[in-house]
Amino acid sequence: MKARYDAIYRDIRESIENGTYPYQRFLPSEAELTATYGCSHNTLRRALGLLRDQGYVQPVHGKGVRVIYQEPERTTFTVGGIESFHEAEERIRLDAQTEVIALEQIMATPEISFRTGFEEGTELTSIVRVRRIGGEALILDVNLFRTTSVPGITEEVARGSVYEYAEKDLGVSIAMSKRAITVERATTRDRKLLDLGDIDYLAVITSQTFDAQGILIECTQSRHRPDHFCFRDTAVRHRV
């Protein structure tokens, strides 16, 4: 049951982040953890698998599970997983607010189709949002959602989490995201909406997100002021 292993994963993750389980120490044994949480070994292993995939722990054969997480110096957004801004906000306890600049229905033009991968003529919900952290406008998100896949997006939904609305209210299964990270010169719109000062370049993540049927449901460009962020991924070497 997802809710069970997800709750265990979140609890252990919090214990790692707050130092209850320090860097380079081993977690309690599997027997101790299953007793603590009153769960099966399979449920615990699924939770530990999530922690491993996100770079919190490393299983060591014959010894246990070692903590490899270190608190980052900067705010970090996970690149390897599919994480909404709202989920990142909760994970790293950001003092954040979202301002919806624009919300409208558009059709995919040939230029939009070429740039995003949506079929020409597709009805799209376009959202422009500014993310303020600690009072500063640091992120500009430009989202295009396939309207038939994620209908009924309101300003209230856009200020919160579109992913949460899609998954919990609409039953959309978000399966995979492809991303590219570039460094781009700040545009006139960036300077108008973000607090950039003398910063000339932004870190830009462009992503395409697909549902369980392989249908493109979202294309997003997230433009970040680079001095406040690092983008984190965890890689596992697969030996052949």
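Residues numbered from 1 in each chain as written. Predicted model: local features only at pLDDT ≥ 70, side-chain atom pairs only at ≥ 80, totals over all residues. Heavy atoms only, no water.

S.K.: Honestly, unusual backbone geometry in this entry has me stumped. Any pointers?
M.R.: It is generally the case that most residues other than glycine have a negative phi and that most peptide bonds are trans. One non-glycine residue, Gln24, adopts positive backbone phi at about 75°. Its location among the elements puts Gln24 in the loop between helix H1 (2–17) and helix H2 (30–37). (Helix = DSSP H or I, 4+ residues; strand = E, 2+ residues; numbered from the N terminus.)

S.K.: Hey, could you run me through the pairing of strand E2 (residues 64–67) in this one?
M.R.: Residues in a regular strand point their side chains to alternate faces of the sheet. Alignment of strand E1 (residues 57–60) against E2, held across 4 bridges, turns out to be antiparallel. Its bridge partner being in E2, Val60 is matched across the sheet by Gly64. Taking the residues that link successive antiparallel strands as the turn, the E1-E2 hairpin has 3 residues, and the phi of Gly62 there is positive, at about 80°. (Pairing = 2+ DSSP bridges.)

S.K.: Quick question: what am I supposed to make of the packing of aromatic side chains here?
M.R.: Between two aromatic rings, the relevant description is the distance of the centres plus the angle of the planes. The final tally for this structure, using the stated rule, is 1 aromatic pair. Here the aromatic rings of Tyr56 and Tyr69 are separated by 4.8 Å at their centres, their planes lie at 5°, and the arrangement is stacked. Note that Tyr56 is positioned in the loop between helix H3 (41–53) and E1 and Tyr69 in the loop between E2 and strand E3 (75–78), a separation of 13 residues in sequence. In terms of burial, Tyr56 and Tyr69 fall into one category: buried. (Phe/Tyr/Trp six-rings, centres within 6.5 Å; stacked < 30°, edge-to-face > 60°. Buried < 20%, exposed > 50% of the residue type's maximum accessible area, 1.4 Å probe, protein only.)

S.K.: Which parts of the structure should I look at to understand the environment of Arg131?
M.R.: Within the element layout of this structure, Arg131 appears in strand E5 (residues 123–133). With a relative accessible area of 4%, Arg131 lands in the buried category. As a C-alpha pair, Arg131 and His224 span 93 residues in sequence and 9.5 Å in three-dimensional space.

S.K.: What should I look at first to understand the pattern of salt bridges in this one?
M.R.: When charged atoms on two side chains of opposite charge get close, those side chains can pair. Under the defined criterion, the tally for this structure stands at 14 salt bridges. Here Asp6 and Arg10 are joined by a salt bridge, their closest N and O atoms 2.8 Å apart. Of the two residues, Asp6 and Arg10 are both situated in helix H1; the distance of 4 residues between them amounts to about one turn of the helix. Owing to a relative accessible area of 38%, Arg10 belongs among the partly exposed residues under this scheme. The partner of Arg159 in a salt bridge is Glu155, with the nearest N and O atoms 3.5 Å apart. Taken as a pair, Arg159 and Glu155 lie in helix H6 (residues 155–159) at a separation of 4 residues, close to a single helical turn. One connected set of salt bridges, linked through shared partners, spans Glu136, Arg225 and Asp227. (Salt bridge = Lys/Arg side-chain N within 4 Å of Asp/Glu carboxyl O.)

S.K.: Looking at this model, I keep getting lost on helix H7 (residues 162–169). Mind explaining?
M.R.: Because the α-helix completes a turn every 3.6 residues, residues three or four places apart line up on one side. When we look at burial in H7, the residues that qualify are Val162, Tyr163, Tyr165 and Ala166. Buried residues in H7, looked at end-on, bunch into an arc of 165°, giving them a common side. Residues of H7 that are exposed and point over 90 degrees away from its buried face: Lys168 and Asp169. Of the surrounding secondary structure, the elements contacted by the buried residues of H7 are E5, strand E6 (136–146), H6, strand E7 (174–185), strand E8 (201–211) and strand E9 (216–224). Following H7 by one or two positions, Gly171 has its phi on the positive side, about 75°. (Arc of directions from axis to C-beta. Contact = heavy atoms within 4.5 Å.)

The analysis is restricted to geometry; functional conclusions fall outside its scope.
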